[in-house]
Structures are given as C-alpha cells and as structure tokens.
Amino acid sequence: MRNLLIDQIREDGFAVIDDFLTPDEVRELLQVGQNLHQDAPKEERKIFNANSGDGKSAQSREQYFLESADKVRYFFEEGAVGETGELLVDPSIALNKVGHALHTEHPAFAAVTFSNRVKEVCWQLGFRRPAVAQSMYIFKNPGIGGEVKSHQDATYLYTEPSTTVGFWIPLEDATLQNGCLHFIKGSHKSGVHRRWIRNPDKNADELLIYDRPAPLYPQSNFVATPVKAGSCVLIHSQAVHRSDANKSDRSRHAYTFHVIETEDCEYSKENWLQPAEDRPFPVLYERD
C-alpha cells in the first residue's frame, strides 16, 4: 500500500482508500454529526461562504473564525439565515460546517483522527512528526449545500516546504448528484497559485485577504471522484479540487482534517489558522 499511495499522490495529487472506516464507525460519526446543530448558537449566527474572495465575508471581519484553532465553532449556509439572524430553514439542515478543533474537543472525532490507521497512512507518506492542524464536519445538505469553488488547500494552510495532506472521509456516499469532489489530476505539480493570509494592514476592515486574484481553471480539466461512505480521500495540499452544489434530495456529510509536518518544516505565520500559544497542534507520533 505504501508505494501505491505515494505513487498515486505524487502522480495525481490525490488517492482514495476504500473502507477506511468500518460501517459502525461511519454510523457513529454520522449520528454525532447529525446532532451537532443542537449545540449551534441561537444568536449571532455566522455565515460561511467558501467562495468569497472580496474580503466582505463574515469570517474576514470577525474573530469567531480566526480563533477557532482550539474550539468548536458553527458556520451556517448562506441561504439558511435571514437578514436579522433568523433561520430560514429547519435547524437540522442549516449548517454549512462545524470546525476547527473537533479532533481535540469531541471524543468521537478524536478517536478517528488519532487512530492507528491515520498514523499508518502518515508513516507511509513519510511524515516524521505529523500534527493535526484542523478538522471540520461538512454537511452539504440537500437543496441548500452550496458549491465549493476550485481551490488548493495550500492556499489556506501553507507550509514551507509544502507538506499538508487532507484526509476527507465521506460519511454518506458522495455522488455526482450530491456534490462529490472533482480534481484536476497533476495540478499539485504547478505550485501554490494564491494564498489567503492575515492582512498585514492592521487598520483595514478585512482581517484576511487573498494575495492574488483567483486563477481560472477549465472545467473540462476536472475529473469527478465519487466515493462510498467510509472511504478516505487523501488530498495533496496543492491539488486543485472543487465540489458542486448539492442538487439532490440526499445529504453528503463528511469529516475532514489536515495533517502537517512539523519537523524541518515551517507553518506560515501568515495563515489564517494559528495555534493557541498554550495549545500547539497535537502531534500524531514522532519517528525515532
């Protein structure tokens, strides 16, 4: 498996591991995820817009997003909340995602994130001292789950050299209809196309800015990657990927987290996500 994984990620920028979770583990995480909305704030609801590049999105202006490295925070779909903060849809389908410290703050997600399976994959990929930077539960609910435009994870979690690997685990079958991932094979070989950084202008309204305009990617270059619940999609930080809006009547819940190298590798201080001073990113293992 080692050579296959490394070869495929080196060649394509992503790889799929079938049956990464057991059916029981999938059911448990899905049940937990379906109940997360019960803990969401009833006031001050924050919208998450994965596509905004104009600096006007809520997370660019508010510390709620920036201070989530060691907390569990709740982000609503753009079409789920009215102008005065009222919910326009049923609470059970109103959330876009919950993040970014489920891996440390919630036992069910911690059990998967720090499992021997994850450590084994990281070992095979050559990590020497891997740490988990962040985690998210993504809902992609029917009819309201929005499009995620083309991007690279390194835009948001930049390291030098580039080491970030995403673990994307669908808890329901990800299909063409409900918004499976699409990749441009080999796109990870073209470098980091732009970055989302903390604004160096401390007097500006926007706390986070893009350093370059959005690249244009021909839609014909993307390959759809439908996968079964419980599989794991490994994503190179520079692989360009996207997902369509959920146009089906079925949800596409997924749990995802990102691993970075901490040995001989620098995690950028410009990244939006920064560990709390007293809580560094948790390390999976250390090679002797």
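Our subject in this report is the structure included herewith. If you're wondering where the values come from, they're calculated on a predicted model, not measured in any experiment.

## Here we look at unusual backbone geometry
Now for step 1: Cis geometry is adopted by the peptide bond preceding His100, which originates at Gly99 and carries an omega value of 15 degrees.
Now for step 2: Take His100: it is sitting in strand E4 (residues 95-100).
Now for step 3: Omega for the bond connecting Glu160 with Pro161 falls within 30 degrees of zero, at 0 degrees, which places this linkage in the cis form.
Now for step 4: Along the chain, the position of Pro161 falls in the loop between strand E7 (159-160) and strand E8 (165-170).
Now for step 5: Even without being a glycine, Asp19 presents a positive backbone phi close to 55 degrees.
Now for step 6: For Asp264, which is not glycine, the phi torsion reads 55 degrees and is therefore positive.
Now for step 7: Counting through the fold element by element, Asp264 comes out in the loop between strand E15 (254-261) and strand E16 (266-267).

## Concerning the sheet that holds strand E3 (residues 72-76)
Now for step 1: Read across the open sheet, the 8 strands follow the order E1-E13-E8-E15-E5-E4-E3-E2; overall the sheet is mixed. Each edge of the open sheet carries a strand with a single partner, namely strand E1 (14-17) and strand E2 (46-47).
Now for step 2: In this sheet, E15 lies alongside E8 in antiparallel orientation, the contact comprising 6 bridges. Paired with Pro170 across the bridge in E15 is Ala254.
Now for step 3: Sitting on the sheet, helix H7 (residues 116-124) is in contact with E1, strand E5 (130-138), E8, strand E13 (232-236) and E15, with an inclination near 140 degrees to E8.

## As for the packing of aromatic side chains
Now for step 1: Evaluated as defined, the whole model comprises 16 aromatic pairs.
Now for step 2: Among the aromatic residues, ring-to-ring pairing joins Tyr64, Phe65, Phe75, Tyr156, Trp196, Tyr210 and Trp272 into one connected group.
Now for step 3: A cation over an aromatic ring shows up here: Arg117 above the ring of Phe20, its NZ or CZ 5.9 Å from the ring centre.
Now for step 4: One cation-aromatic arrangement involves Arg287 over Trp123; the distance from NZ or CZ to the ring centre is 3.7 Å.

## What about the layout of surface pockets?
Summary: where empty space remains is shown by rolling a probe the size of a single water molecule over the atoms.
Now for step 1: One number sums up the size of the second largest pocket: a volume of about 340 Å³.
Now for step 2: Looking at the lining of the second largest pocket, the element that brings in the most residues is helix H1 (residues 2-12), giving 4 residues.
Now for step 3: Class assignment for the residues of the lining of the second largest pocket results in 5 nonpolar, 7 polar and 3 charged.

## Thoughts on the sheet that holds strand E12 (residues 223-225)
Now for step 1: Strand order in the open sheet formed by 4 strands is E6-E14-E9-E12, and the pairing between neighbours is antiparallel. Each edge of the open sheet carries a strand with a single partner, namely strand E6 (148-151) and E12. Across this sheet, the average inter-strand angle for adjacent strands is 25 degrees, counted without regard to direction.
Now for step 2: In this sheet, strand E14 (residues 241-243) lies alongside strand E9 (residues 181-183) in antiparallel orientation, the contact comprising 3 bridges. Along E14, the bridge assignment pairs Leu181 with Ser243.

Quick notes on the rules
- Every chain begins its residue count from 1, and numbering advances along the sequence as written.
- Local features in this predicted model are restricted to residues whose pLDDT is 70 or higher, and side-chain atom pairs enter the listing and the counts only when it is 80 or higher, whereas totals over whole chains, interfaces and linings include all residues.
- Neither water nor hydrogens contribute to the side-chain values; these are computed over all heavy atoms in the structure.
- Numbered from the N terminus, helices here are DSSP runs of H or I no shorter than four residues, and strands are runs of E no shorter than two.
- The pairing criterion for strands is at least two bridges between them, as found by DSSP.
- Contacts: residue pairs with any heavy atoms within 4.5 Å of one another.
- Orientation is described by lines fitted to C-alpha atoms, with helices fitted over the stretch in contact, and by angles between N-to-C directions that extend from 0 to 180 degrees.
- In this analysis, rings of Phe, Tyr and Trp, with Trp reduced to its six-membered ring, are considered paired at centre separations within 6.5 Å, and the interplanar angle assigns stacked below 30 degrees, edge-to-face beyond 60, and tilted for intermediate values.
- To sit over a ring, a charge needs its Lys NZ or Arg CZ within 6 Å of the ring centre and within 35 degrees of the ring normal.
- A cavity here means a set of points on a 1 Å grid, drawn over the protein atoms and nothing else, where a 1.4 Å probe fits but cannot get out; a pocket is an open set with protein on both sides within 12 Å along at least five of seven lines, and a residue lines either one if it has an atom within 4 Å of a point.
- Grid points are joined across faces, edges and corners, and a volume is the space filled by probe spheres set on the points.
- Only Asp, Glu, Lys and Arg are considered charged in this grouping, and only Ala, Val, Leu, Ile, Met, Phe, Trp, Tyr, Cys and Pro are considered nonpolar; every other residue, Gly among them, is considered polar.

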